[in-house]
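A look at the structure
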Amino acid sequence: MKNIDSGNHTKGQSVYLDDIPLVAGTLFGAVFSSPIAHGHIEQLYLSEAAQEPGIVRIFTHQDITGENQIGGIIPDEPLLAEHEVDFCGMPIAFVVATSDEAARAAVKKIKVDIKPLPVITDPRVAHAQDQLIVPARTFRLGDTTRAWEQCEYVFEGTTDTNGQEHLYIETQCAYAIPQENGELKIYSSTQSPTAGQRTAARVLGVPMHQLEVDVIRLGGGFGGKEDQANAWVALCALAAHHLRRPVKYVLHRLEDMAMTGKRHPYSSDFKIGLDKDLKIIAYEADFYQNAGAAADLSPAIMERTLFHTTSTYFIPNVRATAFSCRTHLPPNTAFRGFGGPQAKFVMEAAIATAAEKLGVEACVIQKKNLNQTGDEFPFGQKAVSEARACWHKAEELYDVAKLRQEVEAFNTANILYKKGLALMPVCFGISFTNTSMNQARALVHVYYDGSVRVSTGAVEMGQGVNTKMLQVAAQTLSVSPAKVRVQTTSTNRIANTSPSAASATADLNGKAVQLACQAIVQRLKEVAAQVLQASEAAIELRDEQVLLNGQETDLDWKKLVTAAFLKRVSLSEHSHYATPDVYFDKTTEKGHPFAYHVYGTAITTVTVDCLRGTYQVDAVRVVHDFGLSMNPAVDRGQIEGGIVQGIGWMTLEELLYDTAGRLRSNTLSTYKIPDIYSVPKEIAIEPLQTEQDNLAIFRSKAVGEPPFMYGIGTYFALRNAIKAFNPTSPIAFDAPMTPEKVLLGLYPQAATGTQQVHEQQNLRHVAAS
Amino acid sequence: MLKFILNNQEVATDLPAGTVLLDFVRYHQHLPGTKIGCREGDCGACTVLVGELADTQVRYRSYTSCLTPLGNVQGKHVVTVEGINMEQLNPIQQAMVDESATQCGFCTPGFVVSLAGFCLSGQKPTTQNAIAAVDGNICRCTGYKSIERAAAKVAQLLAASEGEEPAVFVARHQILPEYFTSIKSRLRALAADSAPNGHVLSGALQFVGGGTDLYVQKHDQMKELAARFLLNQADLKGIVRQENRCVIGGAATVSDLAESGVMQEYFPDFRQFLRLVSSTPIRNMATVAGNFVNASPIGDLTIMFLALNAQLVLSDGHTAREIPLRQFYKGYKLLEKAPQENITAIWFELPAAATRFNFEKVSKRTHLDIASVNSACCLTIQDGFIVTAAVSAGGVGPIPMLLRKASEFVAGKEVSEELIQKALEIAQTEIAPISDARGTETYKRLLLNQLIKAHFLALFPQLNPSELVQ
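Positions within a chain are numbered from 1, following the residues in the order the chain's sequence is written. Chain letters and ligand numbers both follow the written order, the letters beginning at A and the numbers at 1. Totals for whole chains, interfaces and linings use all residues, but because this is a predicted model, local features are given only for residues with pLDDT of at least 70 and pairs of side-chain atoms are given and counted only at 80 or more.

With that settled, consider the overall build of chain B. Within chain B, the secondary structure is distributed over 19 helices and 19 strands. Values of the radius of gyration come from C-alpha atoms, whereas the globule rule sets the reference at 2.2 Å times the count of residues to the power 0.38. Its C-alpha atoms give chain B a radius of gyration of 23 Å, within 12% of the compact-globule value 23 Å for 470 residues. Projecting the C-alpha coordinates of chain B onto the three principal axes gives extents of approximately 70 × 55 × 45 Å. Intrachain contacts of chain B at a sequence separation of at least 6 include 66% that bridge at least 24 residues. Per the convention used, a helix needs a DSSP run of H or I reaching at least four residues, while a strand needs a run of E reaching at least two, with both numbered from the N terminus. Our contact criterion uses C-beta atoms placed from the backbone: two residues qualify when those atoms are within 7 Å.

In structure tokens form, the structure reads like this:
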């Protein structure tokens with residue numbers, strides 16, 4: 001089944017927030033934000049701006065009727081700065097005017113005196129100054145301190161991964177419309193309607209029942225519209241609450257890029273020990289997460305990094321410590337993978353280091369250490385593993401031995417072009433690691449004409465979750481998909497939603513829909529049994545027909561529904577699902593946090609132009625653990641899109657903050673995401689269909705985040721190609737691998753010193769430019 | 001009063017001619033299918049088609065409506081996604097749906113419109129050309145493979161289109177709505193009815209060509225600015241051969257250059273080089289003269305024409321004068337040009353048979369990106385000897401540069417690996433790159449060397465690459 005929105009999408013008829021017809025009297029907001037990254041606000045000059053034509057009011061923290069606080073996990077983030085600014089782009093004032101242009105023109109007239117304070121942009125510097133968002137956490141398995149003695153080989157190293165801008169094509173936006181009794185209906189482009197509702201209620205100082213957040217769909221989210229969508233909801237709500245007029249704010253791209261947090265940059269240290277057979281005996285990692293100026297979701301992301309420390313490998317002795325470091329960047333946030341990709345990169349860098357030093361292919365070490373069912377993760381859960389099945393299938397299906405020979409033959413024959421190959425296994429845990437969030441609700445109405453309406457807490461952002469919800473309802477009720485409509489996501493219909501995140505949205509909400517539909521089916525069967533004067537066990541609903549002992553009857557879906565209504569039987573159901581068996585004890589850092597893991601293996605080949613330092617990804621060939629895909633078209637799209645986004649993170653996408661904390665790659669002309677020409681020439685996806693039961697909806701495993709990490713293979717394939725040209729290149733583990741880094745890796749003698757020096761030089765010069 | 005045809009309807013507006021088309025269609029005409037992604041021509045979510053009379057046909061090109069002033073669509077046919085919708089999904093839309101080439105959907109109308117533009121372009125119906133039509137559209141969800149598959153299907157729709165006027169073919173095969181066949185006569189009627197440039201304010205000193213950089217740099221001011229729109233000025237159009245000169249009109253676009261018969265005859269690779277310049281919609285709008293006047297130290301066209309020793313014809317409306325492009329730049333964004341002057345034409349000597357031209361550009365992303373360093377090279381070669389040489393480079397100083405010393409050094413000498421190495425050393429003394437978002441100084445210096453090597457490797461197959469890359 002195709003994505004149910006796709007027809008309207010191609011006709012330009014799908015409605016996004018900015019397409020909602022304006023309510024008469026709508027006002028437009030725009031944020032004035034801090035031009036510097038850290039300092040004391042000495043004076044804010046609003047009077048000139050207030051006199052601009054069309055200005056209705058300018059809001060500051062003094063106008064907040066509730067609490068000036070939007071921090072979700074930790075209350076450390078004011079909505080509007082009071083006395084101090086903590087990042088460049090931190091909102092200070094909210095201008096509301098009769099037009100969008102007027103609001104933005106007035107923003108330019110606002111002046112502020114800020115006494116600068118020292119700016120930290122490097123998480124290691126923040127760590128050295130004890131600037132931690134939360135106390136450090138450590139996961140352990142076995143005993144690494146003793147294990148080093150058993151190791152034949154021990155290697156250490158450092159890695160860096162840069163952040164990543166979400167670059168949803170629809171920018172952040174919100175639209176608050178007053179209702180009676182002081183209530184507000186707020187349209188938001190958010191992955192987390194309840195978080196928006198809760199945050200606005202807190203800022204306004206009103207109970208949550210006074211606010212409805214309604215989400216039609218998102219023009220892309222990727223994690224960037226989880227907690228980062230709350231500020232705009234709260235600002236529009238605040239203004240609408242005061243003015244009793246509708247207030248809308250759609251961020252310009254420049255505002256969006258400057259004010260919102262991104263994927264966390266990490267700087268990490270690793271130590272890896274292997275025995276003579278290349279079994280990894282011990283592994284230690286220290287992760288320095290660049291959290292930005294406030295917690296946002298950083299503690300949860302840091303936790304997921306720890307959960308993915310050992311990636312797809314079983315290592316008996318592990319010690320991993322993570323530090324969430326407070327810097328003066330915009331608060332970094334959720335992004336597809338949620339800290340997992342950063343951990344996997346470090347693990348792969350450790351293996352690559354060992355392989356290069358020992359003169360073996362990395363895949364020899366990778367393969368030997370893949371986890372197996374029953375192996376214990378450092379957090380106590382036992383693996384139910386498809387790692388080896390995926391790897392072996394990929395090796396055979398795509399004939400890795402032959403691919404390797406082709407790469408070698410090409411490299412022997414060519415001087416100016418070199419190819420590289422890398423394998424990337426993925427193992428990714430599915431569930432919110434905060435156990436309490438693993439619950440969802442669904443509301444299913446069957447109208448007495450037999451049509452069906454489904455509401456859930458799931459937010460449609462292109463991942464096809466509404467299509468899957470519709471499939472669950474249609475299949476469980478055994479009606480045609482055309483009979484079912486999925487409604488917008490509203491906090492009035494579904495309360496206390498978890499965000500659409502963690503790849504778990506379809507599972508959680510789908511199970512809730514399934515439960516609701518099963519309950520309705522059960523009642524309908526009872527009605528059918530009465531009507532047909534048969535036993536309930538003999539009744540079956542199939543394809544909108546009522547079957548009795550497998551035979552068709554006169555009773556069809558519509559007649560049955562009408563009969564049930566006339567008998568005063570409820571045709572609606574609100575149901576609740578909570579993932580069974582998941583728990584985690586933070587005092588011991590042990591538990592069973594994940595419903596299941598998703599596995600896969602990707603084989604990446606690249607070609608580097610050794611004259612120009614440019615490159616092309618030739619192919620990414622994947623065997624992916626689907627369980628049993630309930631929608632192969634949607635799932636294939638998620639995998640292809642995830643791979644390309646992962647490749648973007650590892651190659652082109654370079655966030656450049658100068659040492660003053662200003663984002664220099666702040667537009668689409670300076671921050672480049674993949675275009676149609678920069679994607680792999682070939683992406684092959686082969687399913688690993690498995691038989692065993694799992695906790696996924698219809699056994700169709702979560703597919704949102706895991707494929708992102710196949711992109712890491714591109715980094716290592718590029719590294720291998722560079723090494724084919726210049727085997728002694730001292731190229732650092734410093735992602736993304738931009739054409740600049742490739743060229744300087746090919747010709748390190750041209751660079752002045754190491755890559756680290758180069759990186760600092762880069763930022764210094766950017767600051768000066 | 002500005003008049004044009006919007007989809008199937010004639011529209012007239014009193015809005016300032018500097019208003020962007022995007023705002024007009026979304027907020028004044030309430031056609032929300034055209035989306036806002038970046039307002040700087042870098043995402044393609046706001047792509048529309050603009051059709052104008054060209055010879056006997058209506059020629060359609062894709063534009064990013066965020067950078068298009070209303071003044072540039074006067075008397076033309078503007079097509080948004082709403083204008084290509086039919087009762088059922090049209091076959092382009094159906095191909096996108098069948099291949100699951102849409103996820104969040106926000107970029108999708110832009111892709112669909114670009115593909116419709118391909119169907120109207122009269123290009124060869126190849127998958128490669130269909131994909132090229134969406135080179136200005138960014139999608140963050142799909143990873144593009146499904147879009148490639150849809151593009152291949154769209155190309156197949158046109159398999160039998162050869163020889164037929166595209167607008168007629170697509171209407172006849174119900175690829176696009178029937179009304180497209182009526183546009184030609186409606187545009188003719190409109191042309192008779194209105195001035196080509198709309199209302200030109202007297203004394204206006206802001207010249208607007210394609211607007212592709214002005215609307216990025218001065219977005220907020222442009223609406224109210226008294227501007228003179230040059231794109232529709234007939235006397236500034238065309239690329240022609242006059243004796244041994246190639247003369248390019250001041251309003252000729254990059255796409256005009258790519259399609260020019262003269263350029264194709266003398267520079268068979270030029271079209272390939274131009275594919276490295278921005279994206280299809282931007283090339284459709286951006287003028288060659290605009291690239292020069294914009295004075296970016298890294299303008300691709302500027303770098304190419306520096307090597308070709310182009311001459312500029314400047315006019316203030318009364319008197320014209322000529323100046324070599326090589327003398328046009330006095331400093332960073334400082335031009336040898338009075339505010340009231342605009343470039344009316346550009347000309348250069350068409351090269352002799354022994355002349356070879358090459359262009360190199362490296363940017364973070366190969367397409368739709370601004371160069372870290374770019375370079376062009378024009379050499380006259382005789383028996384392995386370099387008779388004349390001109391090597392230009394961008395991104396290595398405050399202005400687009402001709403590397404005079406390095407060019408002079410190689411002229412009159414026999415090519416060799418050693419000669420090139422020495423030329424590189426000389427080139428390094430001529431440049432002053434700075435570190436910025438496009439790369440560090442170290443990188444840009446190294447990259448320029450590599451690009452100059454690339455020129456010689458491209459032009460002299462006898463050179464030994466391994467000696468050059470050590």
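Right, let's get into the overall build of chain A. Scanning chain A for helices and strands turns up 20 helices and 30 strands. Whereas a compact globule of 769 residues would reach a radius of gyration of roughly 27 Å, chain A reaches 27 Å, a difference of no more than 12%. Along the three orthogonal principal directions, the C-alpha set of chain A runs to about 85 × 75 × 50 Å. Looking at the 769 residues of chain A, the share that counts as buried comes to 61%. Remark: C-beta atoms are placed from the backbone, and a residue is labelled buried if 20 or more other C-beta atoms sit within 10 Å of its own, exposed if 12 or fewer do, or partly exposed between those counts.

Here we take up the interface of chain A and chain B. Between chain A and chain B, the contact holds 69 residues from the first and 64 residues from the second. Taken together, the elements giving at least two residues each to the side of chain A that touches chain B come down to helix 1 (6-11), helix 17 (632-650), helix 19 (739-746) and helix 20 (755-768) of chain A. Ranked by residue count, the leading element in the side of chain A that touches chain B is helix 17 of chain A, at six residues. For the side of chain A that touches chain B, the residue count by class is 28 nonpolar, 28 polar and 13 charged. Ten residue types, Ala, Val, Leu, Ile, Met, Phe, Trp, Tyr, Cys and Pro, are classed as nonpolar, four, Asp, Glu, Lys and Arg, as charged, and the remainder, Gly among them, as polar.

Let us look at the pairing of strand 1 (residues 2-6) of chain B. Regular strands show a simple pattern: their side chains alternate between the two faces of the sheet. Residues and elements named next belong to chain B. The buried fraction of strand 1 is high, at four of five residues. Strands pair, by our definition, only if DSSP identifies at least two bridges between them. Looking at chain direction, strand 1 and strand 2 (residues 9-13) are connected through five bridges and run antiparallel. Looking at strand 2, one finds that Leu 2 is bridged to Thr 13. Adjacent in sequence and paired antiparallel, strand 1 and strand 2 are bridged by two residues, among which Asn 7 carries a positive phi angle near 55 degrees.

The score called pLDDT rates the predictor's confidence residue by residue, from a low of 0 to a high of 100. Looking at chain A as a whole, the pLDDT averages 96, with 98% of positions reaching at least 70. Note on residues 753-769 of chain A: pLDDT under 50 across the span, and 36 contacts to partners over four residues away in sequence or across chains.

Next up on the list: the packing of helix 10 (residues 340-358) of chain A against helix 18 (residues 712-725) of chain A. Residue and element names in this part refer to chain A. Axis angles are defined between N-to-C directions and span 0 to 180 degrees, where every axis is a line fitted to C-alpha atoms and, for a helix, only to the segment in contact. One way to put it is that helix 10 packs onto helix 18 with a least axis distance of 10 Å and a crossing angle of 30 degrees. The angle between helix 10 and helix 18 places the two elements in the roughly parallel class. When the axes of helix 10 and helix 18 are compared, the crossing they make is right-handed. Contacts between helix 10 and helix 18 involve Pro 341, Lys 344, Phe 345, Glu 348 and Ala 352 from the first element and Ile 712, Phe 716 and Arg 719 from the second. A breakdown of the residues in the contact of helix 10 with helix 18 according to their chemical character gives five nonpolar, no polar and three charged. Under this scheme an angle from 65 to 115 degrees is roughly perpendicular, one under 35 degrees roughly parallel, and one over 145 degrees roughly antiparallel; angles in between are oblique. A clockwise turn of the near helix away from the far one marks a right-handed crossing, whereas an anticlockwise turn of less than a right angle marks a left-handed crossing.

Moving on, we come to the environment of A:Arg217. All names here are of chain A. Relative to the elements of secondary structure, Arg 217 occurs in the loop between strand 11 (211-215) and helix 7 (230-243). Arg 217 sits 246 residues away from Gln 463 along the chain, and the two C-alpha atoms are 11 Å apart. With near-sequence residues (within four places) excluded, Arg 217 lies in contact with Ser 14, Tyr 16, Glu 460 and Met 461.

It is worth spelling out the pairing of strand 2 (residues 39-45) of chain A at this point. Residue and element names in this part refer to chain A. As defined by bridge partners, strand 2 adjoins strand 4 (residues 84-85) across two bridges and the pair is classed as antiparallel. Along strand 4, the bridge assignment pairs Gly 39 with Val 85. Pairing between strand 2 and strand 6 (residues 111-116): six bridges, direction antiparallel. If you follow Leu 44 over to strand 6, its bridge partner there is Val 112.

Let's shift gears to the sheet that holds strand 5 (residues 91-97) of chain A. All names here are of chain A. Strand order in the open sheet formed by eight strands is 3-5-1-12-9-10-11-20, and the pairing between neighbours is mixed. Of all strands in the sheet, those with a lone pairing partner are strand 3 (55-59) and strand 20 (489-490), marking the two edges. In the sheet, strand 9 (residues 173-178) pairs with strand 10 (residues 184-188) via five bridges, with the strands oriented antiparallel. In the strand pairing of strand 10, Pro 178 is matched with Leu 184.

All names here are of chain A. Checked against the element boundaries, Asp 585 lands in strand 25 (residues 583-585). When the 13 C-beta atoms within 10 Å are taken as the criterion, Asp 585 is described as partly exposed. With 150 residues separating them in the primary sequence, Asp 585 and Thr 435 have C-alpha atoms 9.9 Å apart. If near-sequence neighbours (up to four positions away) are discounted, Asp 585 is found in contact with Lys 590 and Gly 591.

Residues and elements named next belong to chain A. Pairing is mixed across the open sheet formed by six strands, whose spatial order is 7-15-14-13-8-30. This sheet does not close on itself; its edge strands, each paired only once, are strand 7 (137-141) and strand 30 (733-735). Strand-to-strand twist of the sheet, defined as the mean angle between neighbouring strand axes without regard to direction, takes the value 10 degrees. With ten bridges joining them, strand 14 (residues 280-292) and strand 15 (residues 317-326) adopt parallel strand pairing. Across the sheet, the residue bridging to Gly 292 is Arg 326, located in strand 15.

Multiply 1.5 Å by the residue count of a helix minus one, and that product is the helix's expected span. Taking 1.5 Å per residue as the helical rise, helix 15 (residues 505-532) of chain A with its 28 residues ought to reach 40 Å, and the 39 Å between its terminal C-alpha atoms agrees with that figure. Backbone geometry just downstream of helix 15 of chain A places A:Gln533 in the positive-phi region, at approximately 50 degrees.

Residues and elements named next belong to chain A. Note: domain ranges come from an automatic or database domain assignment. Partitioning chain A into domains gives domain 1 (6-118 + 172-250), domain 2 (266-432 + 590-768) and domain 3 (439-578). Each of domain 1 and domain 3 was reduced to a C-alpha centroid, and the two centroids are 37 Å apart. On the domain 3 side, the residues contacting the 17 residues of domain 1 number 14 residues. Secondary-structure elements contributing two or more residues to the side of domain 1 that touches domain 3 are helix 6 (193-204) and strand 11. Classifying every residue of the side of domain 1 that touches domain 3 gives six nonpolar, seven polar and four charged.

Attention now moves to unusual backbone geometry. That bond from A:Ala735 to A:Pro736 is cis: its omega, 10 degrees, falls within 30 degrees of zero. Along the chain, A:Pro736 turns up in the loop between strand 30 and helix 19. Of note, the phi angle at A:Ser311 is positive, near 50 degrees, even though the residue is not glycine. Counting through the fold element by element, A:Ser311 comes out in the loop between helix 9 (298-307) and strand 15. Its identity is not glycine, yet B:Leu368 carries a phi of approximately 50 degrees, on the positive side. Tracing the backbone shows B:Leu368 in the loop between strand 15 (355-362) and strand 16 (373-382).

Turning our attention to the domain arrangement of chain B. Often the size quoted for an interface is simply the accessible area lost on bringing the parts together. All names here are of chain B. The domains assigned to chain B are domain 1 (2-193) and domain 2 (234-469). Taking only C-alpha atoms, the centre of domain 1 and the centre of domain 2 are 32 Å apart. With 14 residues of domain 1 at the contact, the number on the domain 2 side is nine residues. Ranked by the residues each element gives to the side of domain 1 that touches domain 2, the list is headed by strand 4 (residues 57-64), at four residues. Each residue belonging to the side of domain 1 that touches domain 2 can be placed in one class, and the counts come to four nonpolar, seven polar and three charged.

With that settled, consider the nonpolar core. Core analysis: the biggest nonpolar cluster contains 399 residues, and A:Val95, A:Ile186, A:Cys236, A:Ala237 and B:Leu115 have the highest contact counts within it. For this core, the leading source of residues is helix 15 of chain A, giving eleven residues. Not counting residues up to four positions away in its chain, the partners in contact with A:Cys236 are A:Gly29, A:Ala174, A:Tyr175, A:Ala176, A:Ile186, A:Val247, A:Lys248 and A:Tyr249. We define the nonpolar core as any set of buried residues of the types Ala, Val, Leu, Ile, Met, Phe, Trp, Tyr and Cys, connected via C-beta atoms lying within 7 Å of each other.

All names here are of chain A. All buried positions along helix 3 (residues 100-107) are accounted for by Ala 102, Ala 103, Ala 106 and Val 107. Seen from one end, helix 3 has its buried residues packed into an arc of 140 degrees, which puts them on one side. Looking at the buried residues of helix 3, the elements they touch are strand 1 (27-33), helix 2 (47-50), strand 3 and strand 5. Directions from the helix axis toward the C-beta atoms define the arc.

In this section: the packing of helix 2 (residues 91-98) of chain B against helix 5 (residues 145-157) of chain B. All names here are of chain B. Packing of helix 2 against helix 5 brings their axes to within 8 Å, and their N-to-C directions diverge by 150 degrees. Classified by the angle between their axes, helix 2 and helix 5 sit roughly antiparallel to one another. Relative to helix 5, helix 2 is oriented so that their crossing is right-handed. Here Pro 91, Ile 92, Ala 95 and Met 96 of helix 2 come into contact with helix 5, specifically with Ala 150, Lys 153, Val 154 and Leu 157. Of the residues contributing to the contact of helix 2 with helix 5, the split by class is seven nonpolar, no polar and one charged.

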